[in-house]
Amino acid sequence: MKKEEIFSHIDHTQLKAFATWDMIKTLCDEAALYHTASVCIPPNYIARVKEAYGDQINICTVIGFPLGYSVTEAKVAEAKKALEDGASEVDMVVNISDVKNGDYQKVEDEIRTIKEAVGDKILKVIIETCYLNEEEKVAMCKAVTNAGADFIKTSTGFGTGGATREDILLFKKHIGPEVRMKAAGGVKTADDLEWFLNEGCDRIGTSSAAAMLAEK
């Protein structure tokens, strides 16, 4: 797989709590250079990035991040503000407590509400697989599908683990045909990038794609 094709599936990511403008600017410059699918940045930088880069790069952000237990109304407000500021993709974290309580319908309803708020913009749903058992992961595949979200995403990168090959193979069995997959966290090498893409991931969230592909 050519480097250019791989970069076109990368959500080039900088979500550290201490992310400075210089760090965000470096990320955006790299994204423009390599033509990544998007930059995934903290909400407070969206407007500044949009002003500085215009349509050179596609802006993704996160809501309910990274723990997921914000109330639905707060997540909706975050999503609407993000789009107003210039984002066109939103990665939300499910309420993991609701998942662990077996309240799958509540999770589905929240995803649906946020998808209605973002409309034709892209909604990716982070289920934080490291905290879930197989039954819960399958239930989340169904919730994401039923709620009409665009992507199911493995991880925030802030949990106890990231994307695994087993989780992607499980997703493939249980998501609907309209749902795409995003792997995040745990993607460490160029071979990893190619494996996840070859197995059907449409996006990979990482801050290290340029380094991984430097010698490819």
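Residues numbered from 1 in each chain as written. Predicted model: local features only at pLDDT ≥ 70, side-chain atom pairs only at ≥ 80, totals over all residues. Heavy atoms only, no water.

Can you walk me through the nonpolar core in this structure?
A general feature of soluble globular proteins is that nonpolar side chains tend to end up buried together. Membership of the largest hydrophobic core comes to 47 residues, with the highest contact counts inside it found for Val94, Ile111, Leu123, Val125, Ile152 and Phe196. At six residues, helix α7 (residues 134-147) tops the list of elements feeding residues into this core. Leave out the neighbours within four places in its chain, and leucine 123 touches Val90, Met92, Ile111, Ile114, Lys115, Val118, Ala149, Asp150 and Phe151. Among the nonpolar cores identified, the runner-up in size contains 16 residues, and Trp21, Val39, Tyr45 and Ala82 belong to it. (Core = buried A, V, L, I, M, F, W, Y, C linked by side-chain atoms within 4.5 Å. Buried < 20%, exposed > 50% of the residue type's maximum accessible area, 1.4 Å probe, protein only. Helix = DSSP H or I, 4+ residues; strand = E, 2+ residues; numbered from the N terminus. Contact = heavy atoms within 4.5 Å.)

What exactly am I supposed to notice about the environment of aspartate 29 here?
Its place among the elements puts aspartate 29 in helix α2 (residues 21-34). The class of aspartate 29 is partly exposed, set by a relative accessible area of 34%.

I keep staring at helix α3 (residues 46-53) and nothing clicks. Help me out?
Along an α-helix, residues three or four positions apart point the same way, because every turn accommodates 3.6 residues. Those residues of α3 lying buried are Ile46, Val49 and Tyr53. The arc that holds every buried residue of α3, seen down its axis, measures 65°, which confines them to one face. Buried residues belonging to α3 abut α2, β2 (38-41), β3 (59-63) and α4 (72-85). Directly after α3, the chain includes glycine 54, whose backbone phi takes a positive value near 55°. (Arc of directions from axis to C-beta.)

What should I look at first to understand the sheet that holds strand β6 (residues 151-153) in this one?
Through backbone hydrogen bonds, the strands of a sheet pair up, either in parallel or in antiparallel fashion. In space, the eight strands of this closed barrel follow the order β1-β2-β3-β4-β5-β6-β7-β8, with parallel pairing throughout. The sheet shows a mean angle of 25° between the axes of neighbouring strands, direction not considered. Running over the sheet, helix α9 (residues 190-198) touches β1 (10-13), β7 (180-184) and β8 (201-206) and is turned about 150° from β8. (Pairing = 2+ DSSP bridges. Axes fitted to C-alpha atoms, helices over the stretch in contact; angles between N-to-C directions.)

It is not clear to me how the pairing of strand β4 (residues 89-93) should be interpreted in this structure. Could you clarify?
Note on strand geometry: in a regular strand, side chains alternate between the two faces of the sheet. Along β4, five of the five residues are buried, which leaves the element largely enclosed by surrounding structure. Side chains of β4 alternate between two faces, with Glu89, Asp91 and Val93 and Val90 and Met92 buried alike. In terms of strand pairing, β3 meets β4 through four bridges, oriented parallel. Paired with cysteine 60 across the two strands is glutamate 89, which belongs to β4. Remark: the β3/α4/β4 crossover connection has right-handed handedness. In this structure, β4 lies alongside strand β5 (residues 122-126), joined through five bridges in parallel fashion. Residue pairing for β5: aspartate 91 is matched across the bridge by lysine 124. (Right-handed = clockwise from strand over helix to strand, strands pointing away.)

Is there a simple way to explain the packing of α2 against α3 in this structure?
Two measures define how a pair of helices packs: the angle their axes make with one another and the distance between the axes. Their axes nearest at 11 Å, the elements α2 and α3 cross at an angle of 50°. On the basis of the axis angle, α2 is oblique to α3. Crossing of α2 over α3 shows right-handed handedness. In this structure, α2 uses Trp21, Ile24, Lys25, Cys28 and Asp29 to contact α3, whose residues at the interface are Arg48, Val49, Ala52 and Tyr53. Partitioned by chemical class, the residues of the contact of α2 with α3 number six nonpolar, no polar and three charged. (Parallel < 35°, antiparallel > 145°, perpendicular 65-115°, else oblique. Left-handed = near helix turned anticlockwise from the far one by under 90°. Nonpolar A, V, L, I, M, F, W, Y, C, P; charged D, E, K, R; others polar.)

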